[in-house]
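What the coordinates show
The chain contents come next:
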Amino acid sequence: MQVKIENPLCRVPVSMILDDSCPLVNLSHFWIKLREKRSTADMPVEIPESFARKFGEWCAEQGVKGKFSFVPMPGGLGTIDLGLPGFSKAHLDEWIDAAKETIWPNFDFTPEMITHCQVVDLSDWTMTDEWEQSEWAERPIPAEVLGPYIAAALRILHNIDIPAEGVTSPGAFGSADLNAYGEAALQAQKEVNGNPTPFFFCEVEEKALAYPKLYSLDKEKGECCVGIVAGTGDWFAGWEGNNRGAIHSPDMCITEDLQGGRMPELIAAGCPAVMVSHWPGFYFQGEEIGFNIFKTVVGRLNQLPNIIWMKTSEIARYWMAREMAKIEAAEDGCRIWSPIPCPSFTLRLSRARQADWRVNGKPLREVSDPLSLQPGRWARHGEDIVLAFDLRSGKTTVSA
Ligand SMILES: [Zn+2]
């Protein structure tokens, strides 16, 4: 009998990444002022709590999952755990509480490094002349320097009771040496959150397949940092939040007949299909242009029969479990050893004729087809059977 790991519940993961979503402040306002030295007097300083709440509630209704950035020291203003000068602490905390209540159940929260602007000198928390997304993107930064920097970012979220599951790059931060980035992110996560299975988001791949990548993988210890790769560009309404030239058609992601666009292409290949956009473009000075495009895209995606919305941390976990799990086929099923647990772990047993499938002695229930799988169920599929269960760490026996 041959055993193969399938996509979770025989469905293709889809996910939405929101970047530049600071608590409260409109990052573009500060970024453009600092970086381009332009006046941003015509750009809103805040993106209100009401919009965060509206977005979170809509995503929950539609089953949308993904990742949402919390910039820990947006524009170098101040840190979000202690407060942002010029904004009342109560006002900031209301925003954070609304995001925790409505968005967090379905999205990972990650820092997008520290300021999303200049690199901070950790000895006195002043901004240096280097930029997180320029010098620290173009020049390889050794893990010994990157690790404490990422840990400082994670600690600010930890202080507001957010054990961030991963980290996000502002721009291409860390891209000059992704191995060092993966190693640094893993060390920082172990130190701050006790998390040996984190992820980072840095890369965008608009043409080729965009599978997650594994860094610093240790199959015995069950440690790894996964690089999540977005499969689209920001094909919503851009990052600035007021640039009408950046407005895209929803067809770029998926056409109305559900056949065309980048997402069906990735989904047909069985590759996780991860979209990316920016919070100021979603809000678009209150016109909500990016958000409206996203609503159309989600309405189309949700008509596809074979997708599963996942947080980026859930995709990361599934892809590392795929590599870490040791599977030995047996006469009547298989034996698995895994250093980490993994929900909705799904296997295909080729030419398995038997019925009455069990995992660790516990019977699974048969369902009519692979797309009806849930953990604890199995289905016939041609000559094969597929089965799904929540994999635990240690030994698992699948038998008939
Ligand atoms: Zn960003």
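So, how was this worked out
In this convention, every chain numbers its residues from 1, walking through the sequence in written order. Per-residue local features are limited, in this predicted model, to residues with pLDDT of at least 70; the limit for side-chain atom pairs, both in listing and counting, is 80 or more; totals at the level of whole chains, interfaces and linings are taken over all residues. Just so you know, side-chain values use all the structure's heavy atoms and leave hydrogens and water out. We call a set of buried residues a nonpolar core when its members are Ala, Val, Leu, Ile, Met, Phe, Trp, Tyr or Cys and they connect through side-chain atoms within 4.5 Å of each other. Each residue is placed in one exposure class: buried if its accessible area under a 1.4 Å probe, protein chains only, is under 20% of its type's maximum, exposed if it is over 50%, and partly exposed if it falls in between. The helix count covers DSSP runs of H or I at least four residues long, the strand count covers runs of E at least two residues long, and both are numbered beginning at the N terminus. Any two residues whose heavy atoms approach within 4.5 Å are treated as being in contact. Atoms are scored as donors when they are N, O or S and lie within 2.8 Å of the metal, with 3.2 Å used for Na, K and Ca; no water is included, so coordination may look incomplete. Each pair of strands is called paired provided DSSP finds at least two bridges between the two strands. Each axis is a line fitted through C-alpha atoms, taken for helices only over the stretch in contact, and angles between the N-to-C directions span 0 to 180 degrees. As used throughout, domain bounds are those supplied by an automatic or database domain assignment. Two parts placed together each lose some accessible area under a 1.4 Å probe, and the buried area is that loss summed for both.

Looking at soluble globular proteins, one finds that nonpolar side chains tend to be buried together. Counting residues in hydrophobic clusters, the biggest one holds 89 residues, and the most contacted among them are Phe55, Phe70 and Phe294. Looking at this core, the element that brings in the most residues is helix H5 (residues 143–159), giving 10 residues. Apart from residues no more than four positions distant in its own chain, Phe294 is found in contact with Met16, Phe55, Trp58, Cys59, Val64, Phe236, Met275 and Phe282. Counting 44 residues, the second largest nonpolar core, distinct from the first, contains Ile308, Met320, Ala325 and Ile336.

The protein atoms that coordinate the zinc ion are Asp20 (OD), Glu112 (OE) and His116 (NE2), at distances spanning 1.9 to 2.1 Å. Between consecutive donor residues of the zinc ion, the sequence gaps follow D-x91-E-x3-H. With Asp20 in the loop between strand E2 (12–19) and helix H1 (27–35) and His116 in the loop between strand E4 (107–111) and strand E5 (118–121), the pair connects residues that are 96 residues apart, well separated along the chain. Of the two residues, Asp20 and His116, both sit in the buried class.

Below, the discussion takes up the sheet that holds strand E9 (residues 213–218). Strands sit in the order E7-E8-E10-E9 across an open sheet of 4 strands; the sheet is mixed. Here the strands that pair on one side only, and so sit at the sheet edges, are strand E7 (166–168) and E9. Neighbour-to-neighbour, the strand axes of this sheet turn through a mean angle of 20°, independent of strand direction. On the sheet, helix H6 (residues 178–193) packs against E7, strand E8 (199–204), E9 and strand E10 (223–230) and is oriented at approximately 155° with respect to E8. Across the sheet, helix H10 (residues 312–324) lies against E8, E9 and E10, angled at about 125° from E10, the strand it touches most.

This paragraph deals with the domain arrangement of the protein chain. Each assigned domain of the protein chain is listed with its residue range as follows: domain 1 (12–318) and domain 2 (325–399). A C-alpha centroid distance of 34 Å is found between domain 1 and domain 2. Each side of the interface is counted separately: domain 1 has 9 residues, and domain 2 has 11 residues. At the boundary of domain 1 with domain 2, total buried surface from both sides reaches about 750 Å², with 62% on carbon and sulfur atoms. When the buried area of domain 1 at its contact with domain 2 is split by residue, Glu220, Arg317 and Tyr318 rank highest and sum to 66% of it.

What follows concerns the environment of Arg300. Considering the arrangement of structural elements, one finds Arg300 in helix H9 (residues 289–301). Along the primary structure Arg300 and Met263 are separated by 37 residues, whereas in three dimensions their C-alpha atoms are 10 Å apart. Once residues within four sequence positions are removed from consideration, Arg300 is found in contact with Pro250, Asp251, Ile254, Thr255, Glu256 and Leu258.

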